[in-house]
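Residues per chain are reported as follows:
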Amino acid sequence: MRPTILLFDLDGTLVSTGGAGRRAIERAFNVLFAERGGSREACGHFSFAGMTDRAIARACLEALGIAPSEEAIARVLATYVELLDAELAPAAAPGFRVLAGVRELLDGAAQRREFATGLGTGNVVAGARKKLSVCGLWERFPFGGFADDSEDRAELILAGARRGAERLVQPLDRCRVVVIGDTPRDVAAARAIGAESVGVGTSGFSARDLLASGATHVVDDLTDRRLLGMLLGR
């Protein structure tokens, strides 16, 4: 089979953080911009699902009437990352969990020499590391595409695909790329770079929703016994 790069979304696909990420972003805006209404005015009007951290910071700044300069975005995200530890602590995030089937699927993928398994996530690297270190999964992903690479999800997915090709010691155009995610934005990013996608109905979008958005395959969750065959291209 062709060398295959697997790029996993993080939030809602690998883990549920119990809202830790959103709470940390909201706290960042309360700390930095309390005089402008803080998180209530910045973040209260939209869902973060499938958005990159940089895009979230930009949208929140614009909602407050603040120019989303690189400096302002960096300040928000640095504060967010600093506050994330407290929100991931067991007392703050009792709902944090690794989603069903994740560890088993990663174990299966690790046994395939033709697979390179990484992340394709809208998190900044520092945030992704903290979220996955809590549950011992960070070391399972030696590469990835992150919001540090681009605010645009398709571009960060492409960055992750290039790193996966390097690990496989193959040109990217000889590799099969499969994006695994739980939102239509994951599917759209995969389609934008000509990759396949597996839509996972583990958050607010059903398998039917994800199929309608153009997913190559859909599963209800990562325990689906057909999944490894999908990743193998069968």
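Everything below is about the structure shown above.
All of these numbers come straight from a predicted model, not from anything done at the bench.

Q: I'd love a proper account of the overall build of the protein chain, names of residues and values included.
A: When helices and strands are tallied, the protein chain shows ten helices and eight strands. Here the C-alpha atoms of the protein chain give a radius of gyration of 17 Å, agreeing with the 17 Å that 2.2 N^0.38 yields for 234 residues. C-alpha extents for the protein chain along the principal axes are approximately 55 × 35 × 35 Å. Put simply, the protein chain has 234 residues, and 53% of those count as buried. Once local pairs closer than 6 in sequence are excluded, the contacts in the protein chain between residues at least 24 apart make up 65%. Summing over all exposed atoms, the protein chain offers an accessible surface of approximately 10400 Å²; the carbon and sulfur share of this is 49%. The averaged location of the 30 negative side-chain charges in the protein chain is 4 Å from the averaged location of its 29 positive side-chain charges.

Q: An account of the nonpolar core is needed here, citing residue identities and associated values.
A: The biggest cluster of nonpolar side chains holds 61 residues, and the ones touching the most others in it are F8, F29, Y80, L132, I180 and L231. No other element matches helix α4 (residues 70-88), which puts nine residues into this core. Excluding residues within four positions of it along the chain, F8 makes contact with L14, L105, L106, T117, G118, L119, G120, T121, F141, I180 and L222.

Q: Could you give me a rundown of the packing of aromatic side chains, with the residues and numbers involved?
A: Counting across every chain of the model gives four aromatic pairs. Taking 6.4 Å as the distance between ring centres and 50 degrees as the angle between the ring planes, the aromatic pair formed by W138 and F146 counts as tilted. Assessed through its relative accessible area of 17%, W138 is described here as buried.

Q: Could you give me a rundown of the state of the cysteines, with the residues and numbers involved?
A: If you walk through the whole model with that rule in mind, you get zero disulfides. Summary of cysteine pairing: C43 is not part of a disulfide, and the nearest cysteine sulfur, belonging to C60, is at 3.2 Å.

The rules behind these values
Residues numbered from 1 in each chain as written. Predicted model: local features only at pLDDT ≥ 70, side-chain atom pairs only at ≥ 80, totals over all residues. Heavy atoms only, no water. Helix = DSSP H or I, 4+ residues; strand = E, 2+ residues; numbered from the N terminus. Rg over C-alpha atoms; globule rule 2.2 N^0.38 Å. Buried < 20%, exposed > 50% of the residue type's maximum accessible area, 1.4 Å probe, protein only. Contact = heavy atoms within 4.5 Å. Areas by Shrake-Rupley, 256 points an atom, 1.4 Å probe, with all protein chains shown as cover. Lys, Arg positive; Asp, Glu negative; His and termini not counted. Charge placed at Lys NZ, Arg CZ, Asp CG, Glu CD. Core = buried A, V, L, I, M, F, W, Y, C linked by side-chain atoms within 4.5 Å. Phe/Tyr/Trp six-rings, centres within 6.5 Å; stacked < 30°, edge-to-face > 60°. Disulfide = S-S within 2.5 Å.

Function cannot be inferred from these measures alone, as they are strictly geometric.
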